[in-house]
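Listed here are the chains, written in short residue letters.
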Amino acid sequence: MLKVFALSLGLTLLLELPVAYFWGLRKRELLAVFAANLMTNPLAVALHLTGIPQLPIEIGVVLAEGFAYSKHFEKRPWLLAIVSNALSWGFGLLVQVVL
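The following refers to the structure shown. Note that this is a predicted model, so its numbers are computed, not measured. (Residues numbered from 1 in each chain as written. Predicted model: local features only at pLDDT ≥ 70, side-chain atom pairs only at ≥ 80, totals over all residues. Heavy atoms only, no water.)

All right, on to the packing of helix H2 (residues 27-49) against helix H3 (residues 54-72) then. Running from amino to carboxyl end, H2 crosses H3 at an angle of 160°, the nearest separation of the two axes being 10 Å. One finds that H2 runs roughly antiparallel with respect to H3. The interaxial crossing formed by H2 with H3 has right-handed handedness. Seen from H2, the contacting residues are Glu29, Ala32, Val33, Ala36, Asn37, Thr40, Ala44, Leu47 and His48; seen from H3, they are Gln54, Ile57, Val61, Ala64, Glu65, Ala68, Tyr69 and His72. Residue classes in the contact of H2 with H3 are distributed as 10 nonpolar, 5 polar and 2 charged. (Axes fitted to C-alpha atoms, helices over the stretch in contact; angles between N-to-C directions. Helix = DSSP H or I, 4+ residues; strand = E, 2+ residues; numbered from the N terminus. Parallel < 35°, antiparallel > 145°, perpendicular 65-115°, else oblique. Left-handed = near helix turned anticlockwise from the far one by under 90°. Contact = heavy atoms within 4.5 Å. Nonpolar A, V, L, I, M, F, W, Y, C, P; charged D, E, K, R; others polar.)

Taken N-terminus to C-terminus, the directions of H3 and helix H4 (residues 77-98) make an angle of 145°; their axes are 8 Å apart at the nearest point. Every pair of crossing elements has a handedness; the one defined by H3 and H4 is right-handed. From H3, Gln54, Leu55, Glu58, Val61, Val62, Leu63, Glu65, Gly66, Phe67, Tyr69 and Ser70 reach across to H4, where they touch Pro77, Trp78, Leu80, Ala81, Ile82, Asn85 and Trp89. By residue class, the composition of the contact of H3 with H4 is 12 nonpolar, 4 polar and 2 charged.

Our focus in this paragraph is the packing of aromatic side chains. Evaluated as defined, the whole model comprises 2 aromatic pairs. Plain terms: the ring middles of Tyr21 and Phe22 are 5.8 Å apart, the flat faces sit at 80° to each other, and that makes the pair edge-to-face. Looking at Tyr21, the relative accessible area reads 41%, which means it is partly exposed. What makes Phe22 exposed here is its relative accessible area of 72%. (Phe/Tyr/Trp six-rings, centres within 6.5 Å; stacked < 30°, edge-to-face > 60°. Buried < 20%, exposed > 50% of the residue type's maximum accessible area, 1.4 Å probe, protein only.)

Bringing a nonpolar patch on the surface into the picture now. The grouping of Leu7, Phe91, Leu94, Val98 and Leu99 at the surface amounts to a nonpolar patch, some 530 Å² of accessible area in total. If one sorts the elements of the nonpolar patch by residue count, H4 sits on top with 3 residues. You can see Leu99 is positioned in the segment after H4. (Patch = residues over 30% accessible without salt bridge, like charges linked within 9 Å, V, L, I, M, F, W, Y side chains within 5 Å. Areas by Shrake-Rupley, 256 points an atom, 1.4 Å probe, with all protein chains shown as cover. Salt bridge = Lys/Arg side-chain N within 4 Å of Asp/Glu carboxyl O.)

As for its placement among the helices and strands, Leu49 is situated in helix H2. On a C-alpha basis, the gap between Leu49 and Glu65 in space is 21 Å, while along the polypeptide they are 16 residues apart. The residues touching Leu49, leaving out its near neighbours within four places in the chain, are Met1 and Phe5.

As structure tokens, then:
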């Protein structure tokens, strides 16, 4: 079970931190992205494992991360939350199909 959480968080960070970097974020802003994902990803995985459909979970994640980002930087935080989570979610679906 711990492997599921570690793999999910690791893949999320490997995808979303570079997106944030190319978005133009640096240092403290990237730390905010890291912290937001550290808080939302394990909860999202746990909720998914209980059988809750993924779409409502991802909407909650985007809202939580968008809010967190908006408190730490001004470079279109809500759009970054949508784009990075769409990429992460899509990649996660691909991984589930392959595995």
